[in-house]
Amino acid sequence: MLCAMGVSGPTYYPEDALVNSKTQALSELGRSLRSQVKSQLLLQERGSARYSEVEINDAVALSSDEMVELAEVKGRWVNPGGYPAHGTKGTVYTWICMPLR
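A short tour of the structure in this document, coming up. (Residues numbered from 1 in each chain as written. Predicted model: local features only at pLDDT ≥ 70, side-chain atom pairs only at ≥ 80, totals over all residues. Heavy atoms only, no water.)

1. Notes on the packing of aromatic side chains
Scanning all chains against the criterion turns up three aromatic pairs. Ring plane angle 70° and centroid distance 5.8 Å describe the contact between Trp-77 and Tyr-83, whose orientation is recorded as edge-to-face. With a centroid separation of 5.7 Å and an interplanar angle of 40°, the aromatic rings of Trp-77 and Tyr-93 are classed as tilted. Note that Trp-77 is positioned in strand β4 (residues 72-78) and Tyr-93 in strand β5 (residues 92-98), a separation of 16 residues in sequence. Three or more aromatic residues joined by ring pairs form one cluster here, namely Trp-77, Tyr-83 and Tyr-93. (Phe/Tyr/Trp six-rings, centres within 6.5 Å; stacked < 30°, edge-to-face > 60°. Helix = DSSP H or I, 4+ residues; strand = E, 2+ residues; numbered from the N terminus.)

2. A look at helix α1 (residues 14-33)
Compared with the 28 Å implied by 1.5 Å per residue over 20 residues, the 30 Å span of α1 between its first and last C-alpha is a close match. All of the buried residues along α1 are Ala-17, Ser-21, Ala-25, Leu-26, Leu-29, Gly-30 and Leu-33. (Expected span 1.5 Å × (residues − 1). Buried < 20%, exposed > 50% of the residue type's maximum accessible area, 1.4 Å probe, protein only.)

3. Here we look at the state of the cysteines
Note: disulfide means a covalent bond formed between the sulfur atoms of two cysteine side chains. A complete count under the given rule lists one disulfide for this structure. The disulfide partner of Cys-3 is Cys-97, and the S-S distance across this bridge is 2.0 Å. Its torsion about the S-S bond being 110°, the disulfide of Cys-3 and Cys-97 is classed as right-handed. Of this pair, Cys-3 sits in strand β1 (residues 2-8) while Cys-97 sits in strand β5; the two residues are 94 residues apart in sequence, bridging distant segments of the chain. Residue Cys-97 is classed as buried on the basis of its relative accessible area, which comes to 4%. (Disulfide = S-S within 2.5 Å.)

That is the geometry; function is a separate question.
If you want it as structure tokens, here you go:
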């Protein structure tokens with residue numbers, strides 16, 4: 001499993017903090033997947049014996065939709081207050097994980 005944590009400070013509407021922390025966790029998960037991006041290199045050569053032209057195209061793709069489908073919220077904690085080391089009252093922590101293939 002690959003996991004990431006998202007944190008949101010308290011918001012005027014508490015449900016917004018829940019959404020913000022989940023969004024941040026998904027962003028962190030995506031950043032950790034960047035090292036697993038597939039890349040394809042295409043090299044084409046055109047021309048004659050006297051002149052040649054080389055064109056290099058690098059195509060990189062990461063399917064964020066696939067990542068979102070596989071990601072699952074494993075836990076969430078809202079600071080009820082009294083834990084100043086973990087933010088102010090209403091700070092939300094969301095733990096998201098996805099299986100590695």
